[in-house]
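Given next are the chains, with one letter for each unit.
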Amino acid sequence: MPEAVLTLNAGSSSIKFAVYEVTADATARRLSHGQIEDIGGAPHFVATDGGGAILAEHRWPAGASLDHEALLSPLLEWITRHLGAESLMAVGHRVVHGGETYDRPVRLTPDVIAALSRLTPLAPLHQPHNLAAVAAVARLRPGLPQVACFDTAFHHGLAPTVTRLALPRRYAAEGVRRYGFHGLSFEYIAGRLREQDPALASGRVIAAHLGNGASLCAIHDGRSIDVTMGFTTLDGLVMGTRCGNLDPGVVLYLQQVHGLDAAAVEHLLYHDSGLLGVSGISNDMRTLLDSDDVHAREAIDLFVFRIAREIGALTSSLGGLDGLVFSAGIGEHAPPIRAAVCARLGWLGVSCDLAANAGNAALISTPDSAVQVRVIATDEESMIATHTVNLLHPALASAG
Ligand SMILES: Nc1ncnc2c1ncn2[C@@H]1O[C@H](COP(=O)(O)OP(=O)(O)O)[C@@H](O)[C@H]1O
Ligand SMILES: CC(=O)OP(=O)(O)O
Ligand SMILES: [Mg+2]
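Residues numbered from 1 in each chain as written. Chains lettered and ligands numbered in written order. Predicted model: local features only at pLDDT ≥ 70, side-chain atom pairs only at ≥ 80, totals over all residues. Heavy atoms only, no water.

- Under an unreviewed UniProt entry, the name given to the protein is Acetate kinase, and the organism recorded is Rhodanobacter ginsengisoli.
- Quoted verbatim from the Subcellular location (unreviewed entry) field of UniProt, the annotation for the protein is "Cytoplasm".
- What UniProt records for the protein under Sequence similarities (unreviewed entry) is the sentence "Belongs to the acetokinase family." (UniProt positions renumbered as here; feature names shortened; annotations may be inferred.)

So, in structure tokens, the structure goes:
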């Protein structure tokens, strides 16, 4: 009976999954994949087979208050029913925070799960959902091997100056430092770029993962050397519902003047801020781009401004820039956002080919652009599948 690996990727607004057949010739071939997106809004489930044909689709009404946990059971039931002849050999999970300990994928044991639970305050939008998925699989299929693949692992080689926060040293000793996230996505992008353009991949590249969560990674010769996300997934860019860079004095102000306690501040900064907070309309970029509301426009302008500003900062970390890669929900599908970011980077010699950009082409810079600008569709699932097979069956390691 063919063996299969299931990957689960619980993002802040979506749960993505994929099923890979582990073939005898050392590759993992994707059989089906799908997602529930717009969790917290009007959740939409769709699953497709390897050829892109829709296998199942379901929409839940907005306002049904269905969270990640509530949607996990029907999702896992559908996947189990749909597995067919393949027998599951393992489940690989994206786990957002691996802290200081986990610099590579690891088999999930009770001790590892307990250690990862302790990191929940550092990634409250993700870590509980990631671990809920682990618990749900353990309930459904006790004994099935489960593997955690970390968003932080790709950034483990960051230099001490990059990870240090200017706080008294005793906090660094307990792990209060910058980590960086979206590492599975950046690792995938670095690998794809190496296949597409090895010369560029060995140069200085900024990858922009622009989804509901958003961050930039400065990559030099395939290695992460600086990031915009820090200790938590709040730092850096403006996101769907997260504030990004914020003067810590604002937190003090909220506590002292508005009497907000820690839970209220956490809710404000993770759930009510970002594109949603500034627009007052939505965290969904599609909705904002379709809107005539001036506040939607202001939210988009701020999103773009902060991306361009952070690209300037990371260019300094890299000592120059050879390539810029857009990725994830917004980066892959929103030409107006890419064009607006590129327009702010003319001083760097970035020149966008507007027709190629409008068509979501793989290369969207003009031939005379000093920086190559590319669009790469990220695939965190294939990274998870590869890592999972690699860890459990070192001889059978590459996902396609
Ligand atoms: N065609 C599109 N145009 C503009 N934005 C899009 C498009 N498709 C998806 N997006 C945006 O991508 C974001 C979700 O990205 P995604 O990477 O799936 O998020 P996450 O994994 O963080 O949950 C949403 O803001 C959504 O509006
Ligand atoms: C780390 C993070 O923000 O992830 P996502 O983009 O999936 O929300
Ligand atoms: Mg994501």
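Moving on from the model shown.
Side note on the overall build of the protein
And then number 1: Summing up its helical and strand segments, the protein has 16 helices and 13 strands in all.
And then number 2: A compact globule built from 400 residues would reach a C-alpha radius of gyration of about 21 Å, and the protein, at 21 Å, matches this within 12%.
And then number 3: Taken along its principal axes, the extent of the C-alpha atoms in the protein is 60 × 55 × 45 Å.
And then number 4: Looking at the protein as a whole, 54% of its 400 residues are labelled buried.
And then number 5: Carbon and sulfur atoms make up 54% of the accessible area of the protein, which totals about 17,100 Å². (Helix = DSSP H or I, 4+ residues; strand = E, 2+ residues; numbered from the N terminus. Rg over C-alpha atoms; globule rule 2.2 N^0.38 Å. Buried < 20%, exposed > 50% of the residue type's maximum accessible area, 1.4 Å probe, protein only. Areas by Shrake-Rupley, 256 points an atom, 1.4 Å probe, with all protein chains shown as cover.)

A word on the site of ligand 2
And then number 1: Close contacts around ligand 2 come from Gly-11, Ser-12, Arg-94, His-126, Asp-151, Phe-181, His-182, Gly-213, Met-229, Thr-233 and Arg-242, and that covers them all.
And then number 2: In this structure, an oxygen atom belonging to ligand 2 sits 2.8 Å away from a side-chain N or O atom of His-182.
And then number 3: In isolation ligand 2 offers 270 Å² of accessible surface; the protein chains occlude 94% of this area.
And then number 4: Here the residues of the shell around ligand 2 are counted per class, giving two nonpolar, six polar and three charged.
And then number 5: Looking at the shell around ligand 2, you find at least three residues from each of domain 1 (3-176 + 380-392) and domain 2 (197-375). (Near = heavy atom within 4 Å. Polar contact = N/O pair within 3.5 Å; in protein donor to acceptor, adjacent residues only side chain to side chain. Nonpolar A, V, L, I, M, F, W, Y, C, P; charged D, E, K, R; others polar. Domains from an automatic or database assignment.)

Looking at the site of ligand 1
And then number 1: Taken together, 15 residues lie around ligand 1, and Ser-13, Ser-14, Lys-16, Asp-284 and Met-285 are the ones closest in.
And then number 2: Within the contact set of ligand 1, an oxygen atom lies 3.3 Å away from a backbone nitrogen or oxygen of Arg-286.
And then number 3: At a separation of 3.3 Å, a nitrogen atom of ligand 1 approaches a polar backbone atom of His-333.
And then number 4: Considered on its own, ligand 1 offers 580 Å² of accessible surface; in the complex 82% of this is hidden by protein.
And then number 5: Counting only elements with at least two residues in the shell around ligand 1, the list comes to α11 (285-290) and α13 (328-333).
And then number 6: In terms of residue count, the dominant contributor to the shell around ligand 1 is α13 (four residues).

A few points about the packing of helix α12 (residues 294-318) against helix α14 (residues 335-343)
And then number 1: One way to put it is that α12 packs onto α14 with a least axis distance of 9 Å and a crossing angle of 50 degrees. Looking at the two axes, α12 sits oblique to α14. When you trace α12 past α14, the crossing you get is right-handed. Here Ile-300, Phe-303, Val-304, Ile-307 and Ile-311 of α12 lie close against α14, whose contacting residues are Ile-337, Ala-340 and Val-341. (Axes fitted to C-alpha atoms, helices over the stretch in contact; angles between N-to-C directions. Parallel < 35°, antiparallel > 145°, perpendicular 65-115°, else oblique. Left-handed = near helix turned anticlockwise from the far one by under 90°. Contact = heavy atoms within 4.5 Å.)

A look at the packing of helix α1 (residues 68-82) against helix α3 (residues 127-140)
And then number 1: It is at 10 Å that the axes of α1 and α3 come closest, and there the two elements cross at 35 degrees. Our pair here, α1 against α3, has a crossing hand that is right-handed. Here His-68, Glu-69, Leu-72 and Leu-76 of α1 come into contact with α3, specifically with Pro-128, His-129, Ala-132, Ala-133, Ala-136, Val-137 and Leu-140.
And then number 2: The residue inventory of the contact of α1 with α3, partitioned by class, reads eight nonpolar, two polar and one charged.

A word on the pairing of strand β5 (residues 54-59)
And then number 1: Inspection of the sheet shows strand β4 (residues 44-49) paired to β5 by five bridges, in the antiparallel sense. Bridge pairing links His-44 to Arg-59 in β5.
And then number 2: Where β4 folds back onto β5 in an antiparallel hairpin, the turn is made up of four residues, including Gly-52, whose phi is positive at roughly 95 degrees. (Pairing = 2+ DSSP bridges.)

Thoughts on the domain arrangement of the protein
And then number 1: Per the domain assignment, the segments making up the protein are domain 1 (3-176 + 380-392) and domain 2 (197-375).
And then number 2: On a C-alpha basis, the centroid separation for the pair domain 1 and domain 2 is 23 Å.
And then number 3: Across the contact, 19 residues belong to domain 1 and 19 residues belong to domain 2.
And then number 4: For the domain 1 and domain 2 pair, buried surface summed over both sides reaches about 1,400 Å², with 62% attributable to carbon and sulfur atoms.
And then number 5: Area buried by domain 1 at its contact with domain 2 is led by Leu-122, Leu-125 and Phe-154, which between them contribute 32% of it.
And then number 6: Two residues, Glu-37 and Arg-286, come together in a salt bridge whose shortest N-O distance is 3.6 Å. (Buried area = accessible area lost by both parts, 1.4 Å probe. Salt bridge = Lys/Arg side-chain N within 4 Å of Asp/Glu carboxyl O.)

Observations concerning the sheet that holds strand β13 (residues 372-375)
And then number 1: Spatial strand order, β11-β10-β9-β12-β13: five strands in an open sheet with mixed pairing. Whereas interior strands pair on both sides, the edge strands pair on one side only; in this sheet they are β11 (223-227) and β13. On average, each strand axis in the sheet is inclined to that of its neighbour by 25 degrees, with strand direction left out of account.
And then number 2: Sheet topology note: the strand β9 (residues 204-210)/strand β10 (residues 214-220) ladder contains seven bridges and is antiparallel. Bridging across to β10, Leu-210 finds its partner in Ala-214.
And then number 3: Its contacts with the sheet place helix α6 (residues 183-196) against β9, β10, β12 (323-327) and β13, and it is angled at close to 130 degrees to β9.
And then number 4: Packed on one face of the sheet, α12 meets β9, β10, β11 and β12 and runs near 20 degrees to β10.

Section: the sheet that holds β5
And then number 1: Pairing in this open sheet of eight strands is mixed, and the strands run β5-β4-β3-β2-β1-β6-β8-β7 from one edge to the other. Each edge of the sheet is formed by a strand with only one pairing partner; in this case those strands are β5 and β7 (106-107).
And then number 2: Sheet topology places strand β1 (residues 3-10) next to strand β6 (residues 87-95); six bridges connect them, and they run parallel. Considered in β6, the bridge of Thr-7 is made with Gly-92.
And then number 3: Contacting β1, β2 (15-22), β6, β7 and β8 (146-150), helix α16 (residues 380-392) crosses the sheet at an angle of about 130 degrees to β1.

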